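# Secondary and tertiary structure notes
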Amino acid sequence: MKRRSFHQSLSSQAVGMANAQCAVLLLTLAIAVQECNGIPERTRCTSQPPCFDLLIVERMAQRVSKDVPGADSDNILLKSKTYDKIRQKKYLHSCVLEKIFEFYENVLSSDQYIQNDGRELIYTLDRVRNCTYKVKRCEMLYQKANHQADLEIAESDMSAQEVAIIQLQKLNHASERLNDTTILETAMDELKSLHHYIPGSAFLKSNG
C-alpha cells in the first residue's frame, strides 16, 4: 500500500508539473497574441509602424514628373552608385537630403509646374523631411560646398564628404538657374527617381 501511495504521489506531482507548464505556455501565447493585437499565427507583427511609406512618394512623383529625352547629359542628382557613399553617413545623408527636398519644393512651386499634384507632393516631401535625423553640422558642410573649388578627381575615388559636396554644388548650381527651362526639365525628369535617394542612414524607418 505504501509503495502504491508513493507511485500515486509521484504521478500526481508529474501531472501537476505538466499542468503548470501548460499554464505557462498558454499565458505566454496569450501575451504574444495581445502584443500583436490578435494578428493570426504566421503573420509577423511589428510594434512600430514605418515613419513614412516611400511608395507614396514614388507614385506621386511618377504622376508629376516629366520624361525629357537626353536629360541625363547634365544630371542634377548624382548616379545612385556614387550617391551610395553619402547615404552610408548619417550626417552627410541628412544634410544632403534637406537640400534635395528644398530644391524640389522650389521646382514644384514654380509657375510652370505648380498644380494640385505638385502642391500635394510638396506637402508629402515635408512629411518625409520629418522622418530624417536632424543634425547640427549641416551649415558647416554647406559653407564648404559654397567655397570648394571643383574637384578634379574621379567620383569613384572621392570620399563620402567630397561626394556630398559635389551633390550640394550641383543642387546649388541648379537652384540658381530655376528660370532656365532646361534645368526645370532635367529636375522634373529626375523627379521620378527621387524616392531612391531617400533611404539610407539618415532616414528613420519607424516612428519609434
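Whatever comes next refers back to the structure up there.
Read on for an overview of the structure.

Criteria and cut-off values
Residues numbered from 1 in each chain as written. Predicted model: local features only at pLDDT ≥ 70, side-chain atom pairs only at ≥ 80, totals over all residues. Heavy atoms only, no water. Helix = DSSP H or I, 4+ residues; strand = E, 2+ residues; numbered from the N terminus. Buried < 20%, exposed > 50% of the residue type's maximum accessible area, 1.4 Å probe, protein only. Contact = heavy atoms within 4.5 Å. Areas by Shrake-Rupley, 256 points an atom, 1.4 Å probe, with all protein chains shown as cover. Expected span 1.5 Å × (residues − 1). Salt bridge = Lys/Arg side-chain N within 4 Å of Asp/Glu carboxyl O. Core = buried A, V, L, I, M, F, W, Y, C linked by side-chain atoms within 4.5 Å.

## A few points about the overall build of the protein
Within the protein, the secondary structure is distributed over eight helices and zero strands. From first element to last, N terminus to C terminus, the protein shows the α and β order α-α-α-α-α-α-α-α. Looking at the protein as a whole, 36% of its 208 residues qualify as buried. Once local pairs closer than 6 in sequence are excluded, the contacts in the protein between residues at least 24 apart make up 82%. Of the accessible surface of the protein, which amounts to about 13300 Å², a share of 52% is contributed by carbon and sulfur atoms.

## With respect to helix H4 (residues 90-108)
Because an α-helix completes one turn every 3.6 residues, residues spaced three or four positions apart along the sequence face the same direction. Relative to the 27 Å expected for 19 residues at 1.5 Å per residue, H4 spans 27 Å between its end C-alpha atoms, a close match to the ideal helical length. Counting buried positions over the 19 residues of H4 gives 15, a clear majority of the element.

## Focus on the pattern of salt bridges
Where charged atoms from two side chains of opposite charge come close, those side chains can pair. If you walk through the whole model with that rule in mind, you get eight salt bridges. Of the charged contacts, one joins Glu102 and Lys99 as a salt bridge, the two residues approaching to 3.5 Å between their closest N and O atoms. Taken together, the residues span about one helical turn, with Glu102 and Lys99 both in helix H4 at a distance of three residues. Residues Asp180 and Arg177 are paired through a salt bridge, measuring 3.2 Å at the closest nitrogen-oxygen approach. Residues participating in the shared-partner salt-bridge network are Glu98, Glu105, Asp126 and Arg129.

## Focus: the nonpolar core
Counting residues in each nonpolar core, the largest one holds 51 residues, and the members touching the most others are Tyr104 and Leu191. Put simply, the parts of the chain that give this core at least two residues each are helix H2 (54-64), helix H3 (80-87), H4, helix H5 (116-129), helix H6 (138-147), helix H7 (160-175) and helix H8 (181-190). Of the residues forming this core, the biggest block, 11 residues, is contributed by H4. Leave out the neighbours within four places in its chain, and Leu191 touches Ala61, Val64, Ser65, Tyr104, Leu108 and Leu121.

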